[in-house]
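# Examination of the molecular architecture
The primary structure of each chain is shown beneath.
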Amino acid sequence: TTERSIRIMAGFVILLSLGLGVEASPIFHNVNWLWLTAFAGLNLFQSGFTKFCPPEILFKKMGIKSDGCC
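As the structure is a prediction and not an experimental result, all values here were calculated from the model.

A separate point is the packing of helix H1 (residues 2-21) against helix H3 (residues 54-61). Two measures define how a pair of helices packs: the angle their axes make with one another and the distance between the axes. Between H1 and H3, the least distance of the axes is 10 Å, while the angle of their chain directions is 125°. With respect to their mutual orientation, H1 and H3 come out oblique. The way H1 lies across H3 gives a crossing that is right-handed. Residue-level contacts link Thr2, Ser5, Ile6 and Met9 of H1 to Pro55, Glu56, Phe59 and Lys60 of H3. Looking at the contact of H1 with H3 residue by residue, the classes come out as four nonpolar, two polar and two charged.

Rendered as structure tokens:
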């Protein structure tokens, strides 16, 4: 469903950006990757209040079914 896909995508983006932005990580690249972590968290936060989620629109266009609760 779209809700499950959004959770999977958000979790992946957060973990990847933390891995790329934290100096102790073996895949560290640059500390500025932490801005992507902040953006993903902010998007999750605002979508909880507004119920507007851009990835949901994209996933619906890709044909992923919605369960109606996102």
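Here we come to the pattern of salt bridges. In this structure the tally under the stated criterion is two salt bridges. Linking Arg7 and Glu3 is a salt bridge whose minimum nitrogen-to-oxygen distance equals 2.7 Å. Of the two residues, Arg7 and Glu3 both sit in helix H1, four residues apart, roughly one turn of that helix. Take Arg7: its relative accessible area is 59%, and that puts it in the exposed class.

Now for the packing of H1 against helix H2 (residues 34-50). As a packed pair, H1 and H2 sit with axes 7 Å apart at the nearest point and diverge in direction by 155°. In terms of orientation, H1 and H2 fall into the roughly antiparallel class. Here H1 and H2 pass one another in a crossing that is left-handed. Along its contact with H1, which presents Ala10, Val13, Ile14, Ser17, Leu18 and Gly21, the element H2 presents Leu34, Leu36, Thr37, Ala40 and Leu44. Taken together, the residues of the contact of H1 with H2 break down into eight nonpolar, three polar and no charged.

We now examine H3. Inspection of H3 places Pro55, Glu56 and Phe59 among the buried residues, and these make up the whole buried set. On an axial view of H3, the arc spanned by its buried residues comes to 105°, and they lie on one face. Buried residues in H3 make contact with H1 and H2. Where H3 ends, the next residue or the one after it, Gly63, has phi of about 95°, a positive value.

Relative to the assigned elements, Asn32 resides in the loop between H1 and H2. With relative accessibility at 48%, the residue Asn32 sits in the partly exposed group. In the structure, Asn32 is positioned 14 residues away from Gln46 in sequence and 22 Å away in space, judged by C-alpha atoms.

Reading guide: rules and limits
Residues numbered from 1 in each chain as written. Predicted model: local features only at pLDDT ≥ 70, side-chain atom pairs only at ≥ 80, totals over all residues. Heavy atoms only, no water. Axes fitted to C-alpha atoms, helices over the stretch in contact; angles between N-to-C directions. Helix = DSSP H or I, 4+ residues; strand = E, 2+ residues; numbered from the N terminus. Parallel < 35°, antiparallel > 145°, perpendicular 65-115°, else oblique. Left-handed = near helix turned anticlockwise from the far one by under 90°. Contact = heavy atoms within 4.5 Å. Nonpolar A, V, L, I, M, F, W, Y, C, P; charged D, E, K, R; others polar. Salt bridge = Lys/Arg side-chain N within 4 Å of Asp/Glu carboxyl O. Buried < 20%, exposed > 50% of the residue type's maximum accessible area, 1.4 Å probe, protein only. Arc of directions from axis to C-beta.

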